[in-house]
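Take a look at the letters that make up each chain.
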Amino acid sequence: MAEQTAHQTAHYDRVAKLLHWSMAALIIGNFGLALYMVDQPLVPSTIDLYNLHKSLGLLALGLAIGRVLWRLRHPAPPIPDDHAAWEKKAAAASHHLLYLLIFLQPLSGLMIALASQYPTTIFGLFNLPSPIDPSKSLSDIAGAIHWYGQWAMAAIVGLHILAALRHHFILKNDILKRMLPGGKG
Amino acid sequence: MKLFSIFPAVIAAALAGLVSVPAMAQAPEWVMQPDDSALTFTAWQSRSPIEGRFEEFEATIHFDPDDLKAGRVEVTIVMNSATTDDDSRDETLKSQSLFNVESYPSGSFIAQGFEKGEGENAYLAPGELTLRGVTNPVTLPFTLVIEGEGSGARAHAEGSITIKRLDYGVGQGDWADTSTVADKVDIGLDIRAVRR
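Residues numbered from 1 in each chain as written. Chains lettered and ligands numbered in written order. Predicted model: local features only at pLDDT ≥ 70, side-chain atom pairs only at ≥ 80, totals over all residues.

Peer 1: Hey, could you run me through the overall build of chain B in this one?
Peer 2: Per the secondary structure count, chain B includes two helices and 12 strands. In chain B, the order of α-helices and β-strands from amino to carboxyl end is α-β-β-β-β-β-β-α-β-β-β-β-β-β. Taken across its 196 residues, chain B has 28% of its residues classed as buried. Sequence-distant contacts, at least 24 apart, represent 60% of the contacts inside chain B between residues at least 6 apart. (Helix = DSSP H or I, 4+ residues; strand = E, 2+ residues; numbered from the N terminus. Buried ≥ 20, exposed ≤ 12 C-beta atoms within 10 Å, placed from the backbone. Contact = placed C-beta atoms within 7 Å.)

Peer 1: Any chance you could explain the overall build of chain A here in plain terms?
Peer 2: Each helix and strand counted, chain A has five helices and two strands in total. Reading chain A from its N end, one meets helices and strands in the order α-α-α-α-β-β-α. Seen along its three principal axes, the alpha-carbon backbone of chain A occupies a region of about 60 × 25 × 25 Å. Across the 185 residues of chain A, 18% fall into the buried class. The contacts in chain A between residues at least 6 apart in sequence include a share of 73% that link residues at least 24 apart.

Peer 1: Is there a simple way to explain the confidence of the model for chain A in this structure?
Peer 2: Interpreting fine coordinate detail is not advised for predicted regions of low pLDDT. Here chain A averages 92 in pLDDT, while 94% of its residues score no lower than 70. The low-confidence segment residues 1–7 of chain A, where pLDDT is below 50, has zero contacts with residues more than four positions distant or belonging to other chains. (pLDDT = per-residue confidence, 0-100.)

Peer 1: In this structure, what is going on with helix 5 (residues 136–170) of chain A? I would like to understand it.
Peer 2: It helps to recall that an α-helix has 3.6 residues per turn; residues three or four apart then point in one direction. Residues and elements named next belong to chain A. Compared with an ideal rise of 1.5 Å per residue, which puts 35 residues at 51 Å, helix 5 spans 49 Å between its outermost C-alpha atoms and is within 8% of the ideal. Listed as buried for helix 5 are S139, A142, H146, G149 and Q150. At its buried positions, helix 5 is contacted by helix 2 (14–37) and helix 4 (85–115). Of the residues one or two after helix 5, K172 is the one with positive phi, at around 50°. (Expected span 1.5 Å × (residues − 1).)

Peer 1: Looking at this structure, I do not really get the interface of chain A and chain B. What am I missing?
Peer 2: In many analyses, interface size is given as the accessible surface area lost on bringing the parts together. Listed per partner, the contact involves 12 residues of chain A and 16 residues of chain B. For the side of chain A that touches chain B, the residue count by class is seven nonpolar, four polar and one charged. (Nonpolar A, V, L, I, M, F, W, Y, C, P; charged D, E, K, R; others polar.)

Peer 1: Please clarify how unusual backbone geometry should be interpreted in this entry.
Peer 2: Excluding glycine, residues mostly carry a negative phi; peptide bonds, for their part, are mostly trans. Residue and element names in this part refer to chain B. Unlike most non-glycine residues, S46 shows phi in positive territory, near 50°. Along the chain, the position of S46 falls in the loop between strand 2 (38–45) and strand 3 (48–54). Under the C-beta neighbour-count criterion, S46 is labelled buried, with 20 such atoms within 10 Å. In this model, D85 sits at a positive phi of 65°, which is unusual for a non-glycine residue. Along the polypeptide, D85 turns up in the loop between strand 6 (82–83) and helix 2 (87–94). For D85, a count of 13 C-beta atoms within 10 Å gives the class partly exposed.

Peer 1: I'm lost on the packing of helix 3 (residues 44–73) of chain A against helix 4 of chain A in this one. Help?
Peer 2: When two helices pack together, their arrangement is given by the angle between the helix axes and by the axis-to-axis distance. All names here are of chain A. One can describe the packing of helix 3 onto helix 4 by two numbers: an axis separation of 9 Å at closest approach and a directional angle of 140°. Of the possible angle classes, the one that applies to helix 3 and helix 4 is oblique. Helix-helix and strand crossings are classified by hand; for helix 3 and helix 4 the assignment is left-handed. Facing K54, G57, L58, A60, L61 and A64 of helix 3, the residues of helix 4 in contact are I102, F103, P106, L107, G109, L110 and A113. Residues of the contact of helix 3 with helix 4, tallied by class, amount to 10 nonpolar, two polar and one charged. (Axes fitted to C-alpha atoms, helices over the stretch in contact; angles between N-to-C directions. Parallel < 35°, antiparallel > 145°, perpendicular 65-115°, else oblique. Left-handed = near helix turned anticlockwise from the far one by under 90°.)

Peer 1: Can you help me understand the environment of A:L98 in this one?
Peer 2: All names here are of chain A. Summarising the element assignment, L98 is placed in helix 4. Sequence separation of L98 and A152 is 54 residues, and the distance between their C-alpha atoms is 9.3 Å. Ignoring anything within four residues of it in the chain, the contact list for L98 reads I156 and H160.

Peer 1: Quick question: what am I supposed to make of helix 4 of chain A here?
Peer 2: Residues and elements named next belong to chain A. Taking 1.5 Å per residue as the helical rise, helix 4 with its 31 residues ought to reach 45 Å, and the 44 Å between its terminal C-alpha atoms agrees with that figure. Of the positions making up helix 4, those classed as buried are L101, I102, Q105, P106, S108, G109, I112, A113 and A115. Considering only its buried residues, helix 4 is in contact with helix 2, helix 3 and helix 5.

Peer 1: What is the right way to read the packing of helix 4 of chain A against helix 5 of chain A from this model?
Peer 2: All names here are of chain A. Contact geometry for helix 4 and helix 5: axes closest at 8 Å, N-to-C directions at 150°. As the angle between them shows, helix 4 and helix 5 are arranged roughly antiparallel. Judged by the sense of rotation from one axis to the other, the crossing of helix 4 with helix 5 is left-handed.

Peer 1: Just checking my understanding: could you explain the nonpolar core for this structure?
Peer 2: Side chains of a nonpolar character, in soluble globular proteins, are inclined to be buried together. Membership of the largest hydrophobic core comes to 40 residues, with the highest contact counts inside it found for B:A59, B:I61, B:A125 and B:F142. If one sorts the elements of this core by residue count, strand 12 (residues 181–195) of chain B sits on top with five residues. Judged by nonpolar contacts, the second largest core, of six residues, contains A:L56, A:A60, A:A64 and A:I102. (Core = buried A, V, L, I, M, F, W, Y, C linked by C-beta atoms within 7 Å.)

Peer 1: How should the pairing of strand 3 of chain B be read in this particular structure?
Peer 2: Remember that side chains alternate between the two faces of the sheet whenever the strand is regular. Residue and element names in this part refer to chain B. One ladder, built from seven bridges, connects strand 2 with strand 3; its direction is antiparallel. Bridge pairing in strand 3 links T42 to E51. Linking strand 2 to strand 3, which pair antiparallel, is a turn of two residues; within it S46 sits at a positive phi near 50°. Pairing between strand 3 and strand 6: two bridges, direction antiparallel. Considered in strand 6, the bridge of F54 is made with A82. (Pairing = 2+ DSSP bridges.)

Peer 1: Looking at this structure, I do not really get the pairing of strand 2 of chain B. What am I missing?
Peer 2: Of the pairings in the sheet, the one linking strand 2 of chain B to strand 12 of chain B comprises seven bridges and is antiparallel in character. Of the residues in strand 12 of chain B, the one forming a bridge with B:Q45 is B:V181.

Laid out in structure tokens, this is it:
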């Protein structure tokens, strides 16, 4: 049994995969939407784009919470022992940073929304109530965090993707496959 | 207050008064106290209120509760003084698509003669509202409470109306859309004045 696990790398479970890939789509989609919307003139359709960005951000926050709760009960499959100690440390560090950023980005964005003078409409369904009064200084601070956060996210996600591709195409191991749909959990 | 900017309007109003209605009895004049008066507006975005105000406006008021027909009010609004406490939104608000303050620097509300409204201290000011160069008839209901008598008496008037911004061309191009920012806009007037 012990010999077998050395060759067969355990996959992430289905829920973890679903959370991972939906979060990936949200992060990339909302990043692209953000880059587009900030260059648009302030017209009603642009307000709608901002509300879509905020709605997707809130969804991302929900997924991030769900993800942490799931992960606490369902640990990730261990990195196989044929990986160097530095690789394991680098993987752990970048994963921790990603976990930090999937909370920091929606939370700082939410803070901008709550402190702003604009209503936030979630998927056109309801307006987000704000427990705080509008505050320019608070929304500016949250805006700065959100701005730096997005580039930190872009850098870490880029590294994450490159690392996954390195495992798959250069090292030719199963690290990427562990997260791809279809494999056994 | 930019006093000089309203001089022409005041002079024009004074001249109009002299020329057109020389025989008409003038109701007592009330001098607006700018620091205690407010002209506000509420726009609606996704059913949530967006509060704004005009920081510069002037009101010339003649009012006699016993001779409403002799009354007159003229409010002149400096459109560029509009603010919603958000720089980018204010810039958009003043742009060509909305207020177009460059071409239409002032708005106005003029009512000649008042009417009694329903309820205590309630009155109506049937007049004309001009925004962005478009004039429409509107009737402003308001309450007015006077404390004291003769010169130095204090008056407090409060009124509000709901207008449709598109009736005044406030919303060109993309802004003609009302699904995100509603057509209706509430305007509130809160004026304190001292009798001359």
